[in-house]
Amino acid sequence: MINSRYQWEQPDIQNQKAINELSETFGISKLIAKILVNRGYDTVETANAFLRPEISALYDPFLLHDMNKAIERLFQAIDNGENIVVYGDYDVDGMTSTAIMTWALELMGANVTYFIPSRFSDGYGPNLDNYQKLAADGMQLLVTVDNGVSGKNEVAWLMSQGIDVIITDHHELPADLPVATAIVHPRHPDGEYPFGGLSGAGVAFKVASALLEEPADEVLDLAALGTVADVMSLTDENRIIVKQGLENLKLDPRPGLSALLAAAGTQLSDIDSSTIGFTIAPRLNSLGRLEDATTGVRLLLMDDDESAKTLAEHVNELNQKRQQLVNDITVAAQAQAQELSADLVLVVAGEGWHEGVLGIVASKLVEQTDKPTIVLTINDNEMKGSGRSVAAFDLFKALDGHRDLMTNFGGHASAAGMTIPTDNLAMIRSVLKDEATKQALATAQKPKLQIAAEVTASDFTQQNFDNLQVLAPFGEGNPEPLFVVNVDNVDKVKTMSEGKHLRFTAQTAAGVLPIIAFGWGQQADALNGHFSSLQVTGTMSQNTFRGSTTYQLMLKDMAAQGAAILDKRTSRLTKQTFAANATYVFFNKNHYQQLSEYITQPANAVMWHDIDRQTGVQTMVLVDLPESLPQLQELLQNAVPELLVPMFYVKNPVYLQKVPDKPTFAKVFKFVNSFRNIDLNRQLDDAVNHLSIHKLTLQLILKVFLEAKFVIIENGVLNAVPNPAPLNLTETETFQKFMVQRDLERQLIYSTTTELETLLMNLSKQES
């Protein structure tokens, strides 16, 4: 009844010797030792480096490419009193990079100022207009942080004016690099730095350390903040930076961060890497999204507690405004996504949607639909927005070859930003449909989920929770361990946040286990429904309420198997869909011909009317939608499997499509009588935009008109029939078939699991 969102994998590393050795050497449990071994830390040396991330283990900053050149030029500028400008970025990594570099240069006595570009007027990275203004204001040395490697032409202009440029960056390196005074980058092709995964703040921290000739531990908190916020891998040097930075933040938080945490209601004792990701970073990012990120740098560098408190309260209020904007736009975007449910890649657009939060909304829709999503705000003839993708779809590759349809475009495989003429929206959707086919998105496998171990409810204890903390800080590259628990039954299923989330109690052989399931609200009915077994996977979490501490599972995924009727209704078919050993029954011949190749022995595919030729069917999967309930009833009475799995896939569902009313029919009738020779192959989308109705609705009405002889269509060209005979359009065969199909989908696709089970049992005359 509940299909997992991920493909679960549990490493089976047979290295008990290493597990025992690590357990004895470090005094850790066998479970922790096993997790270390599974993650590649299978020797005392590698495990020691991981478990004891000390500042002394940081790499020499002068190993970075051009670091000597950069430091020599900076000292020259400091000695000569030159005007130095630190040029940053409007996200958290950019703010922290700017703050670190500015702090270090001020400490060394430099004449330094900083500049943060605007997300809205300047965009990301090098900007010639800004460079020219800074030069006109007397800038003599530019130091970029968290950007710069993409600015070949802009840097060339500065260098031609006698203004030196030091680039410090960590982003992807272009084939043709700028010619600058120095390029400090952990992955520079001519460099030999041991770790290429530094954030922009991490690179700035290394420059600061080189300037000071010792680790710049006073700004480790800022380096940690930038590293986590930019979702860098928390391994190697980043683990040291974040581990030590979090300790500094706990023990002696700078005024700006202390005030920000207080405004958010966070206790210093509760700080961990998730505090950065879910509390600090979103608040600082709200500045760049809604106002001016320069305020964020000012807050990070602020020394006065009272001023910091006032500014932090403003940032917190701004974040609340950002959250409301995200919620409002997400609701509207979800409604559009539902209308576009047949699309493998979603493109939604709205008037007046705030540009600064569109990336967040796109991410939310990806989480909810598991589809790549682009969210755009419409401003007259232009749309601007952001896209987020899934592992199986390279969004940058999909759009890179179609730059002629866009005014601006940039990004990478999983995220992109673009500006598009409004008239090109339909073409962008068409392009993405074709690209989804090329990249085989429809048949992509589920993303993989690494499981640490199978445990029971009795393992959720303070001792085990405390033991797990030796693996922290958790994040990208070092995820919090996921555990699988076998569940016999569930009760006390409650929804939270208007049905978005769940909490329930799992009944297991080893006791009860509280479970919190964010984003799983839609499964409330299923959990209350029929299943014989359930597996859940998630992280071990501590919950303290009114002085009492309990331990619970924070759900990542779950899956139910073994039900008499296993509800696996889906709007998407993938290769993984047909991985199980089953008899896959098709009602649609085209689907049967297209998808049979994905079904391999011992599984088999069969058309519904041939089911009586099958013997000993154990699992029968109903892949697509029958033409009618009598057809489904005939099938179910001819085959009685041990397990019935309805999928009921339909490419273009009509249930969610609006039923045309009389005014809509009239509007289209007036339209077709106002224009001649409408080329439906080329002008259908224009007609849709002109009429402001859904494309499928217009197609339905035109089919009804054709049957009613209100129009003629020859070679794809539409014209009205003069003075047609009056006719009740809702009585046409086309309209009646539409309504029948709607009712069929309502019963088979959009019913609850319990309703579907009852219907299928009645049709097959099975006893419940």
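For the structure itself, look to the data block above.
Note on numbering: residues in each chain are counted from 1, in written sequence order. A pLDDT threshold of at least 70 governs which residues receive local features in this predicted model, and a stricter bar of 80 or more applies before side-chain atom pairs are shown or counted, although totals over entire chains, interfaces and linings include all residues. With hydrogens and water excluded, all non-hydrogen atoms of the structure serve as input to the side-chain values.

Colleague: Hey, could you run me through the nonpolar core in this one?
Modeller: For soluble globular proteins, the rule of thumb is that nonpolar side chains tend to be buried together. Only buried residues count toward a nonpolar core. Its members are Ala, Val, Leu, Ile, Met, Phe, Trp, Tyr and Cys residues joined through side-chain atoms within 4.5 Å. Burial here depends on accessible area, computed with a 1.4 Å probe over protein chains only, as a share of the maximum for the residue type. Under 20% is buried, over 50% is exposed, and the range in between is partly exposed. Of all hydrophobic cores here, the largest spans 89 residues; its most connected members are Leu-74, Leu-105, Ile-280 and Leu-284. If you tally residues by element for this core, the top one is helix H14 (residues 305–339), at nine residues. Discounting chain neighbours no more than four positions away, the residues touching Ile-280 are Leu-225, Leu-249, Leu-257, Leu-260, Leu-261 and Thr-275. Membership of the second largest hydrophobic core comes to 46 residues, among which are Ile-28, Ala-457, Leu-513 and Val-536. A run of DSSP states H or I qualifies as a helix once it reaches four residues; a run of E qualifies as a strand once it reaches two. Both are numbered from the N-terminal end. By the convention used here, residues are in contact when the closest approach between their heavy atoms is within 4.5 Å.

Colleague: Please clarify how the sheet that holds strand E10 (residues 408–411) should be interpreted in this entry.
Modeller: The sheet built from five strands is open, its strands ordered E7-E8-E9-E11-E10 with mixed pairing. The sheet is open, and its two borders are formed by strand E7 (346–351) and E10, each paired with just one other strand. With strand direction ignored, the average angle separating the axes of adjacent strands in the sheet is 15°. By the convention used here, strands pair only if DSSP detects at least 2 bridges between them. Taken together, the seven bridges between strand E8 (residues 373–379) and strand E9 (residues 382–388) define a ladder with antiparallel strand orientation. Directly across from Asn-379, in E9, lies its bridge partner Glu-382. Fitted lines through C-alpha atoms give the axes, limited to the stretch in contact for helices. The angle between two N-to-C directions lies from 0 to 180 degrees.

Colleague: Would you explain the packing of helix H24 (residues 695–707) against helix H25 (residues 733–748) in this entry?
Modeller: For any two helices packed against each other, one specifies the inter-axial angle together with the distance between the axes. Interhelical geometry of H24 versus H25 gives an angle of 145° and a closest axis separation of 8 Å. Two secondary-structure elements touch here, H24 through Leu-700, Lys-703, Val-704 and Glu-707 and H25 through Glu-733, Thr-734, Phe-735 and Phe-738. For the contact of H24 with H25, the per-class residue count stands at four nonpolar, one polar and three charged. Only Asp, Glu, Lys and Arg are considered charged, only Ala, Val, Leu, Ile, Met, Phe, Trp, Tyr, Cys and Pro nonpolar, and every remaining residue, Gly among them, polar.

Colleague: Would you mind going over the side chain of His-65 with me for this structure?
Modeller: Within the fold, His-65 resides in the loop between helix H3 (44–51) and helix H4 (67–80). At a separation of 3.5 Å, a polar atom in the side chain of His-65 contacts the side chain of Asp-66. For the purposes of these results, a polar contact is taken to be a pair of N or O atoms within 3.5 Å, where, inside protein, one atom must be able to donate a hydrogen and its partner to accept one; residues adjacent in sequence count only when each atom of the pair is a side-chain atom.

Colleague: What's the story with the pairing of strand E22 (residues 619–624) in this structure? I'm lost.
Modeller: Of all six residues in E22, six are buried, a share of seventy percent or more. By the bridge criterion, five bridges tie E22 to strand E23 (residues 643–649) in an arrangement that is parallel. Among the inter-strand pairings, Thr-619 is bridged to a residue of E23, identified as Leu-643.

Colleague: Quick question: what am I supposed to make of a negative patch on the surface here?
Modeller: Surface patches are defined over residues having more than 30% relative accessible area and no salt bridge, joining like charges when they lie within 9 Å and nonpolar side chains (Val, Leu, Ile, Met, Phe, Trp, Tyr) when within 5 Å. Computed by Shrake-Rupley with a 1.4 Å probe, the accessible areas treat only the displayed protein chains as cover when residues are assessed. When a carboxyl oxygen of Asp or Glu lies within 4 Å of a side-chain nitrogen of Lys or Arg, that pair is called a salt bridge. Under the convention used here, Asp and Glu are negative, Lys and Arg are positive, and both His and the chain ends fall outside the count. Where a charge lies is defined by one atom per residue type, namely NZ (Lys), CZ (Arg), CG (Asp) and CD (Glu). Taken together, the side chains of Glu-213, Glu-214, Asp-217 and Glu-218 define an acidic patch exposed on the protein surface. If you trace the backbone, Asp-217 turns up in the loop between helix H8 (200–212) and helix H9 (220–229). Judged by relative accessible area, Asp-217 falls into the partly exposed class, the value being 39%.

Colleague: Help me understand the packing of H9 against helix H12 (residues 273–290), please; the structure alone is not making it clear to me.
Modeller: Running from amino to carboxyl end, H9 crosses H12 at an angle of 90°, the nearest separation of the two axes being 9 Å. By the criterion of interaxial angle, the relationship of H9 to H12 is roughly perpendicular. For the pair H9 and H12, contact is made by Ala-224, Leu-225, Val-228 and Ala-229 and by Ser-273, Ile-276, Gly-277, Ile-280, Ala-281 and Leu-284, respectively. Residues of the contact of H9 with H12, tallied by class, amount to eight nonpolar, two polar and no charged. Roughly parallel refers to an angle under 35 degrees, roughly antiparallel to one over 145, roughly perpendicular to one between 65 and 115, and oblique to any angle outside these ranges.

Colleague: Mind showing me how you'd approach the environment of Lys-206 here?
Modeller: Residue position: Lys-206 is located in helix H8. Taking relative accessible area as the criterion, Lys-206 reaches 2% and is therefore assigned buried. Expressed as a C-alpha distance, the spacing of Lys-206 and Ala-362, which sit 156 residues apart in the sequence, is 34 Å. Not counting residues within four places of it along the chain, the set of residues in contact with Lys-206 comprises Leu-58, Tyr-59, Pro-61, Leu-64, Met-67, Tyr-193, Leu-198 and Glu-237.

Colleague: Would you mind going over the pairing of strand E17 (residues 511–517) with me for this structure?
Modeller: On any regular strand, side chains alternate: one points to one face of the sheet, the next to the other face. Two elements, strand E16 (residues 501–508) and E17, share seven bridges in a ladder whose sense is antiparallel. The partner of Thr-505 across the bridge, within E17, is Pro-514. Between E16 and E17, which follow one another and run antiparallel, lie two residues.

Colleague: For this particular structure, what's the right way to read the environment of Lys-250?
Modeller: Position of Lys-250 relative to the elements: it lies in helix H10 (residues 236–251). It is 9.3 Å that separates the C-alpha atoms of Lys-250 and Asp-221, two residues lying 29 residues apart in sequence. If sequence neighbours within four positions are ignored, Lys-250 has contacts with Leu-268, Ser-269 and Ile-271.

Colleague: I keep staring at the sheet that holds strand E21 (residues 604–607) and nothing clicks. Help me out?
Modeller: Picture the strands of a sheet paired through backbone hydrogen bonds; they go either parallel or antiparallel. As summarised here, the arrangement of the four strands in space is E21-E20-E22-E23, forming an open sheet in which the pairing is parallel. Two strands in the sheet have a free side with no partner beyond their single neighbour: E21 and E23. Going across the sheet, the axis of each strand differs from the next one's by a mean of 20°, ignoring polarity.

Colleague: Whenever I open this one, the pattern of salt bridges confuses me. Can you help?
Modeller: Note on pairing: side chains with opposite charge can pair once their charged atoms come close. A full pass over the atoms with the stated rule returns 17 salt bridges. A salt bridge links Arg-73 to Glu-82; the nearest nitrogen and oxygen atoms lie 2.8 Å apart. Assigned by exposure class, Arg-73 and Glu-82 land together as buried. Here Arg-254 ties to Asp-221 by a salt bridge, and the two come within 2.7 Å at their closest N and O atoms. Here Asp-221 lies in helix H9 and Arg-254 lies in the loop between H10 and helix H11 (255–264), a separation of 33 residues in the sequence. Assessed through its relative accessible area of 15%, Arg-254 is described here as buried. Its relative accessible area of 6% is what places Asp-221 among the buried residues. Among the charged side chains, a network of salt bridges with common partners joins Arg-73, Glu-82 and Asp-164.

Colleague: Would you take a moment to explain the environment of Ser-286 for this structure?
Modeller: Tracing the backbone through its elements, the reader meets Ser-286 in helix H12. Along the sequence, Ser-286 and Asn-147 sit 139 residues apart, while their C-alpha atoms lie 20 Å from each other. With residues up to four places along the chain from it excluded, the contact list for Ser-286 reads Glu-291, Val-315, Leu-318, Asn-319 and Arg-322.

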